[in-house]
Amino acid sequence: MNGYLAIQSYLPTQTPTALQKLREEELVNLRGNGRGERKQWERIYDYDHYNDLGVPDSRQRVRPVLGGTKTYPYPCRGRTGRPLSRADGETETRSKFIDLDFYVPPDERFSPVKLSEFITHSIQAVLHFAFPEVKSLLGHDIGNFESFKELTKDLYARPHEPSIVEGVVMEKLKSLLPKDIYKEVIRLTKENPLKFPVPQVIATDENAWRSDEEFTREMLAGLNPAVIKCLEQFPPIGREEKYSSINASHIQGKLEGLTIPQALKQKRILILDHHDYLVPYLRRINAQGMCIYASRTLLFLKNDGTLRPLVIELSLPGEGMEQEVSRVFIPANQGTEGALWMLAKAHVAVNDSGYHQLISHWLHTHAAVEPFIIATRRQLSTIHPIYKLLNPHFKDTMHINALARGVLLNAGGVLERTMFPGKYAMELSSTIYENWRFTEQALPEDLVKRGLAIRDSNQPSGVTLLLEDYPYAADGLDVWTTIKTWVINFCSHFYHSDEDIASDVELQSWWKEIREIGHGDKRDDVECWLPLNSLANLIQSLTTLIWIASALHAAVNFGQYGYAGFPPNRPTRCRKFIPQEGTPEFAEFIGNPDKYYLEMVPDRFTTTLGVALIEVLSEHIADEVYIGQRTSSRWTDDGEVLRLFDEFAESLRQVEQRVEERNKNVKLKNRLGPAKVPYTLLFPDTSNVGNEKGITGKGIPNSVSI
């Protein structure tokens, strides 16, 4: 519906008689008939499984279809209708290895401005990637960085190398790129250095990332802050009721006078757990040439609110009857023990980096949201009030997801080439989706489940944090509460009773389709979804969806370059295990611990490719629309709704003030940390109307748009 009708809102039972048939026909047309290959001009929304990742007639690129089976459960994606491969009859054919020829409904595509800027940023990243690569071919070690100093100089310093290096890069690109894009490259190289910007984590102090304080702070305020949880029993227990090899002697005397039972009761022992989900995959992952452990990291909550690492356990599958082989590392900051501790922390960071990119970022935001978009377009009319509430939170998501499947997630794509699971990356994310529940994506529910908050009806968010200086949670609860208040006010304006919810046929069809088709592999998990039988449940579900699409994505995406832009801080895979004493590798390690570290983490090529990727992902683009904003004031003709929306924007500005106040509070040590990186990832940035873009490390866009 266009024109004036597009800004009016009617529940199905309130639709004027003259519009009823038009309303029904609009939805029927958008659903299509489920047959045929999509044409670029068609506006059709339908579901498909992830059957577009592999190449079945190439042995090295066969990948399982994700979704539709108990073996590989997964959210659905948008259907393109491309022909299926003759090799297996279920995988979509790909026209080329890097596949950008895909169907996205016209309303979901990037604007010309965004597409142009996205291409520009990608070209810039390619240049940043190409320069150190060509430099290595002209006389440097192709495989590794020789020292941290060389890594920093090659990746970040403004180039002073001979012009022959630039010449080789530019001539190579000239032969690969279309003329118009090559001209853009020429312009960019004149305006910008051919190297990456300096990441925040080393901008103030190049060595702060090495400290235990920064290592633990990033679990609360870094780019993957929603994994750490309270330890429920000691020693930890995992798969098949098997106890960890960590014992009391490893942590006694490090708990500020508390006994282990006292510390557990006070919820002072926390765990970063990358063990159980990884163990079943380790043999296959390491058969690819990786050297990956499953890890458990125990931490102690100190009286000043910061965390102290207690112990790291690194495990491998055992041989024969031995189920696992584990090594335990204790914190140290000097000598051989200190160097071994650095290697152990690196292996933990590798686990966390993989989980972050595949699960926290891709699965929990990008993939989880797409079925909601498709169901909304198919089941809610554009004049339905809930359509208008959700619409800005879906901007560009289907397009960026299609790009990801064509370049990043596909067999042999960038993610497989940079992250430790390699070709098992998406399969691993399917395993974890099996335990995903939509109800638990609500921030208060997530914090309670992880033992970091307790229910408290006196608090606006419904919970009280047990860890006060937890930047992600403190700022996140403010944002969550503000979103929920807006959703309460909006929904209460249109629905006046639970009966209104139950009698809304479009809304009920929408929720049914999400549960039974879009996330159909979770249809039998009764705890995954709230029944849509009350206003309270509608509000909770909509708040959760908006939280995922806006704030959660911002928290796990826009800090990537600030922390992982310096790869030693967040390595993505390991090529060596930690050496055993008495071996030649141990002697090599003792001789030069830093060199061994750099030979253990990804090589020069993989490192530079990974940094190029996260540089693009971390940038805000010109047409970004932030939470509390709309592209136009004419999205509704309802004056009361517009007033409520203004209140929402004002509440977000108050959140910004509280974030700034917390960052100035010297008692909240986790807000800044040794690297002096203030926590701003959940700073809404409501005043930003496209004037500040690039890598800012702040701002909550409305949608999963990059």
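Reading the values: the criteria
Throughout, residues of each chain are indexed from 1 in the direction in which the sequence is written. Where local features are concerned, this predicted model is filtered to residues with pLDDT of at least 70; where side-chain atom pairs are given and counted, the filter is 80 or more; whole-chain, interface and lining totals use all residues. Only hydrogens and water are set aside; all other atoms, that is, all heavy atoms of the structure, feed into the side-chain values. Each helix is a run of DSSP H or I of at least 4 residues and each strand a run of E of at least 2, with the numbering of both proceeding from the N terminus. A simple rule labels every residue: compare its accessible area, found with a 1.4 Å probe on the protein chains alone, to the largest value its type can have, and call it buried under 20%, exposed over 50%, or partly exposed in between. Note on contacts: a residue pair is in contact if any heavy atoms of the two residues lie within 4.5 Å. Only the protein chains shown count as cover for residues, and the accessible areas themselves come from Shrake-Rupley with a 1.4 Å probe. In this text, buried Ala, Val, Leu, Ile, Met, Phe, Trp, Tyr and Cys residues form a nonpolar core when linked through side-chain atoms within 4.5 Å. Here a helix's expected span is defined as the number of its residues, less one, multiplied by 1.5 Å. Two N or O atoms count as a polar contact when they lie within 3.5 Å, although within protein this holds only if one can serve as hydrogen donor and the other as acceptor, and sequence-adjacent residues are included solely when both atoms are side-chain atoms. pLDDT measures the predictor's confidence residue by residue and takes values from 0 up to 100. In short, DSSP must find at least two bridges between two strands for them to pair. Between rings of Phe, Tyr and Trp, where Trp is taken as its six-membered ring, a pair exists when centres lie within 6.5 Å; planes separated by under 30 degrees are stacked, by over 60 edge-to-face, and by other angles tilted.

A.B. asks: I'd like a rundown of the overall build of the protein chain, residues and numbers included.
C.D. replies: Helices and strands together make up the secondary structure of the protein chain, namely 25 helices and nine strands. For the protein chain, the residues scored as buried account for 60% of the 706 residues in total. Taking the intrachain contacts of the protein chain between residues at least 6 apart in sequence as the baseline, contacts between residues at least 24 apart amount to 76%. Accessible area of the protein chain: about 28800 Å², with a carbon and sulfur share of 52%.

A.B. asks: An account of the nonpolar core is needed here, citing residue identities and associated values.
C.D. replies: Residues Ile386, Trp486 and Trp510 are the most contacted members of the largest nonpolar core, which totals 179 residues. Here this core takes 21 residues from helix H11 (residues 335-379), the largest share from any one element. Not counting residues within four places of it along the chain, the set of residues in contact with Ile386 comprises Leu380, Phe490, Cys491, Tyr495, Leu507 and Leu542. Core analysis: the next-biggest nonpolar cluster, separate from the first, contains 14 residues, Leu231, Phe234, Ile246 and Val311 among them.

A.B. asks: Break down helix H19 (residues 505-518) for me, citing the residues and quoting the values.
C.D. replies: Relative to the 20 Å expected for 14 residues at 1.5 Å per residue, H19 spans 18 Å between its end C-alpha atoms, a close match to the ideal helical length. Inspection of H19 places Glu506, Leu507, Trp510, Trp511, Glu513, Ile514 and Gly518 among the buried residues, and these make up the whole buried set. The backbone nitrogen of Glu506 lies 3.2 Å from a side-chain oxygen of the residue at the head of H19, namely Asp504.

A.B. asks: Outline the confidence of the model for the protein chain, supporting the account with residue identities and numerical values.
C.D. replies: When pLDDT is averaged along the protein chain, the result is 90; 89% of the residues meet or exceed 70. Note that residues 133-141 has pLDDT below 50 and, in this model, 20 contacts with residues that lie over four places away or in other chains. Note that pLDDT drops below 50 for residues 158-166; the model gives that stretch 15 contacts with residues more than four away or on any other chain.

A.B. asks: Describe unusual backbone geometry, naming the residues involved and giving the relevant values.
C.D. replies: For the peptide bond that leads from Phe234 to Pro235, omega is -5 degrees, which places it in the cis range. Turning to its location among the elements, Pro235 is positioned in the loop between strand S3 (229-230) and helix H8 (248-251). With a phi close to 55 degrees, Lys267 is a non-glycine residue in the positive phi region. In the Ramachandran plot, Lys676 falls in the positive-phi region, its phi being about 60 degrees despite a non-glycine side chain. Here Lys676 falls in the partly exposed class, since its relative accessible area comes to 44%.

A.B. asks: Talk me through the environment of Arg43; I want residue IDs and the actual numbers.
C.D. replies: In this fold, Arg43 is placed in the loop between helix H1 (17-31) and strand S1 (47-48). A residue is classified by how much of its surface remains accessible, and Arg43, at 39% relative accessible area, is partly exposed. Placed 14 residues apart in sequence, Arg43 and Asn29 show a C-alpha to C-alpha distance of 8.1 Å. The residues touching Arg43, leaving out its near neighbours within four places in the chain, are Asn29, Leu30, Tyr103, Pro106 and Asp107. Separated by 2.8 Å, the side chains of Arg43 and Asp107 make a polar contact.

A.B. asks: Requested: an account of helix H15 (residues 425-433), with residues and values cited.
C.D. replies: Within H15, eight of the nine residues are buried, leaving the element largely enclosed by the surrounding structure. When we look at burial in H15, the residues that qualify are Ala425, Met426, Glu427, Leu428, Ser429, Ser430, Ile432 and Tyr433. The inward-facing, buried residues of H15 contact helix H10 (282-286) and H11.

A.B. asks: Describe the pairing of strand S5 (residues 294-301), with residues and values.
C.D. replies: With eight of eight residues buried, S5 is to be regarded as a mostly interior element. Here S5 shows no split at all, with Ala294, Arg296, Leu298 and Phe300 on one side and Ser295, Thr297, Leu299 and Leu301 on the other all buried. When strand S4 (residues 269-274) meets S5, the two strands line up antiparallel, connected through six bridges. Counted as the bridge partner of Leu272 is Thr297 from S5. Judged from the eight bridges that link them, S5 and strand S6 (residues 307-317) form a sheet pairing that is antiparallel. Across the sheet, residue Thr297 finds its bridge partner in S6, namely Ile312.

A.B. asks: I'd like to hear about the packing of aromatic side chains, residue by residue, with values.
C.D. replies: Counting across every chain of the model gives 29 aromatic pairs. Taken together, a centroid distance of 6.1 Å and an interplanar angle of 50 degrees make the contact between Tyr470 and Tyr472 tilted. Residue classification places Tyr470 among the buried positions, given a relative accessible area of 0%. Residue classification places Tyr472 among the buried residues on the basis of a relative accessible area of 2%. Centre to centre, the rings of Phe490 and Phe494 are 5.1 Å apart; their planes meet at 50 degrees, and the pair counts as tilted. In this pair, Phe490 and Phe494 are both assigned in helix H17 (residues 471-494), four residues apart and thus about one turn of the helix distant. Looking at Phe494, the relative accessible area reads 11%, which means it is buried.

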